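Remarks on the overall topology
Spelled out, the chains give:
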Amino acid sequence: MENNKDRFQSTTATAATLLDLMIKGQLISPAISLVTKLKITEYLKDGPKNVLQLSEKTNSNPSALYRLLRMLSSVGIFSEIEGKDNDDEKDRQFKLTTLAYDFSDEKNMVKNMAQLLDLQSFKNAINNLSYSIESGKNAFQHVNDLNLFDFLQQNKDDAKVFNNAMTAMTTSQLASLSSIYDFSQFNCLADIGGGQGSLLLDILNTNSKLNGILFDLPFVIESIQRILNAESENNGKEILSSRCRLVAGDFFKSFPFAADGIIIKNVVLNWDDISVMTIFKNCLQSIQTFKRENPEKQNLKPKLIIIDIIMPEKNDTSIGSALDILMLILTHSGRIRTKKEFSKILENSGFHISKIKRVSTDPLNFISIIEAIPSSI
Ligand SMILES: C[S@@+](CC[C@H](N)C(=O)[O-])C[C@H]1O[C@@H](n2cnc3c(N)ncnc32)[C@H](O)[C@@H]1O
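All figures in this text were calculated on a predicted structure; none of them were measured in a lab.

**A few points about the sheet that holds strand 10 (residues 367-374)**
- Judged by pairing direction, the sheet is mixed, and its 7 strands sit side by side in the order 6-5-4-7-8-10-9 without closing on themselves. Edge positions in the sheet fall to strand 6 (244-248) and strand 9 (351-358), since each of these pairs with one other strand and no more. If you compare each strand with its neighbour and ignore which way they point, the axes differ by 20 degrees on average.
- With 6 bridges connecting them, strand 8 (residues 303-309) and strand 10 associate as antiparallel partners.

Printed below as a string of structure tokens:
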């Protein structure tokens, strides 16, 4: 007779592994966000410190601080030094690991993402997962009364954390992006929903003949202008004044510019299929206008470059499936798509895929460049 247990497929996870994942899943983001606020990384930069020293500098309870650092050390952030004085928690010493050392960089991706996930507006949405699963709609709008981007427009502090997290994510990928794709083939490259412009400015920096257009919502474009005005020394400033236009607008309406190369990075995952098709069709129109307006440029090979995570066909350890649920909770029917799903939307918008390249060699990271060409040009 079939044993009760035999009816279920065996799995590699144990209950203890799951418990560990569950508890850490709740705690690691707020803990990273807190240690960066307390500037613990800065205090450890010139060498290990004991808990008493750190608690005095950060105005924290020594025992509680020890327990926080011990948990973070268990996932590779900080490292506890073994020693004979370890009986008293206050005497225990911690030093930096490479992961924690990098938190002192303003644009560190892990730190900025932890701060984003620690925002009350995000935590409230995530706590309402059941709403999303029940309705298929986004919990962010349900609990914050506005969709994500309208909310950010009205909440400048949250918008700053969001934009910094996106910039940090892009900055961590810049080196690989410009080494695996040749952007010099274009005359004018537009970055749609380009955020604070770190990707476009990097590409323009390494391709001196290229012109660029940074296109985003008005409140994002205004914030870039403010950042640039505040910085006296900034290479971006020179590029922006000579080779890049900042354009404010809405990518669901036709674009007020023409380009032969269009990048769209980490945007498609925020929207449902119909919305993505509207954006892609606007991209096609902009590409066609460029071609029409530049008849002397015979060898134009216009392209749409999508930079996004591709969901592997087989459910495995990629971060895609967790990010996909985050998109369900936070965005307007956004999702992480498979190659087939990208292909279908592109075909319905007048493009087809010509090339796909993985951006990262990390087996967990499926961020890829999808190059698409207009089907009828
Ligand atoms: C997830 S962020 C990605 C930012 C940037 N591309 C990156 O990879 O760091 C999505 C971007 O789309 C922009 N966006 C959202 N709705 C938009 C709209 N209707 N028109 C233009 N940009 C929009 C947001 O302001 C934001 O900068």
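**Quick notes on the site of the ligand**
- As a matter of local geometry, the ligand sits amid 17 residues, with M166, G193, G195, F251 and N266 nearest to it.
- Here the element with the most residues in the shell around the ligand is helix 11 (residues 156-180); it accounts for 3 residues.
- Looking at the shell around the ligand residue by residue, the classes come out as 8 nonpolar, 6 polar and 3 charged.

**Overview of the nonpolar core**
- Core analysis: the biggest nonpolar cluster contains 86 residues, and L189, I192 and I262 have the highest contact counts within it.
- Leaving out residues up to four positions away in the same chain, I192 has contacts with F215, F251, I262, I263, I264, V267, I279 and C283.

**Quick notes on the packing of helix 1 (residues 15-37) against helix 6 (residues 109-117)**
- For the pair helix 1 and helix 6, interaxial distance at closest approach is 8 Å and the crossing angle is 115 degrees. By the criterion of interaxial angle, the relationship of helix 1 to helix 6 is roughly perpendicular. The way helix 1 lies across helix 6 gives a crossing that is left-handed. Seen from helix 1, the contacting residues are S29, I32, S33 and T36; seen from helix 6, they are V110, K111, A114, Q115 and L117.

**Some points on the environment of D158**
- Along the chain, D158 falls in helix 11.
- Counting along the chain gives 53 residues from D158 to D105, while the straight-line C-alpha distance between them is 20 Å.
- With residues up to four places along the chain from it excluded, the contact list for D158 reads L119, S121 and L152.

**As for helix 1**
- Look at helix 1: 34 Å from first C-alpha to last across 23 residues, which is about the 33 Å you get at 1.5 Å a residue.
- Of all the bends in helix 1, the greatest measures close to 35 degrees and is centred on K24.
- Restricting attention to buried positions, one finds in helix 1 the residues S29, I32, S33, V35 and T36.
- Taken from the residues just after helix 1, K39 is the one with a positive phi, measuring 60 degrees.

**A few points about helix 12 (residues 198-206)**
- Across the 9 residues of helix 12, 7 count as buried, placing the element largely inside the fold.
- Buried within helix 12 we find S198, L199, L200, L201, D202, I203 and L204.

**Describing the sheet that holds strand 1 (residues 49-50)**
- One open sheet accounts for 3 strands, arranged 1-3-2; its pairing is antiparallel. A single partner strand is all that each edge strand has here, and the edge strands are strand 1 and strand 2 (79-81).
- Pairing of strand 1 with strand 3 (residues 93-95), which is carried by 2 bridges, proceeds in the antiparallel orientation. Note that in strand 3 the partner of K49 across the bridge is F94.

**Quick look at the pairing of strand 8**
- With 7 of 7 residues buried, strand 8 is to be regarded as a mostly interior element.
- A two-sided burial pattern is seen for strand 8, the buried positions comprising K303, I305, I307 and I309 on one face and L304, I306 and D308 on the other.
- For the handedness criterion, the β-α-β arrangement of strand 7 (residues 261-265), helix 15 (residues 273-293) and strand 8 is classed as right-handed.

**A closer look at unusual backbone geometry**
- Positive phi, normally seen in glycine, also occurs at D145, with a value near 70 degrees.
- Relative to the assigned elements, D145 resides in the loop between helix 9 (139-144) and helix 10 (148-154).
- A tally of 10 C-beta atoms within 10 Å means that D145 is categorised as exposed.
- If you check the backbone angles, S333 has positive phi at about 55 degrees while not being a glycine.
- Considering the arrangement of structural elements, one finds S333 in the loop between helix 16 (320-330) and helix 17 (339-348).

**Section: the domain arrangement of the chain**
- Entries for the chain in the domain assignment read domain 1 (15-104) and domain 2 (115-374).
- Put simply, the middle of domain 1 and the middle of domain 2, counted by C-alpha atoms, are 35 Å apart.

The rules behind the values
- Residues numbered from 1 in each chain as written.
- Predicted model: local features only at pLDDT ≥ 70, side-chain atom pairs only at ≥ 80, totals over all residues.
- Pairing = 2+ DSSP bridges.
- Helix = DSSP H or I, 4+ residues; strand = E, 2+ residues; numbered from the N terminus.
- Axes fitted to C-alpha atoms, helices over the stretch in contact; angles between N-to-C directions.
- Near = placed C-beta within 6 Å.
- Nonpolar A, V, L, I, M, F, W, Y, C, P; charged D, E, K, R; others polar.
- Core = buried A, V, L, I, M, F, W, Y, C linked by C-beta atoms within 7 Å.
- Buried ≥ 20, exposed ≤ 12 C-beta atoms within 10 Å, placed from the backbone.
- Contact = placed C-beta atoms within 7 Å.
- Parallel < 35°, antiparallel > 145°, perpendicular 65-115°, else oblique.
- Left-handed = near helix turned anticlockwise from the far one by under 90°.
- Expected span 1.5 Å × (residues − 1).
- Bend = angle between axes of the 7 residues up to and from the residue.
- Right-handed = clockwise from strand over helix to strand, strands pointing away.
- Domains from an automatic or database assignment.

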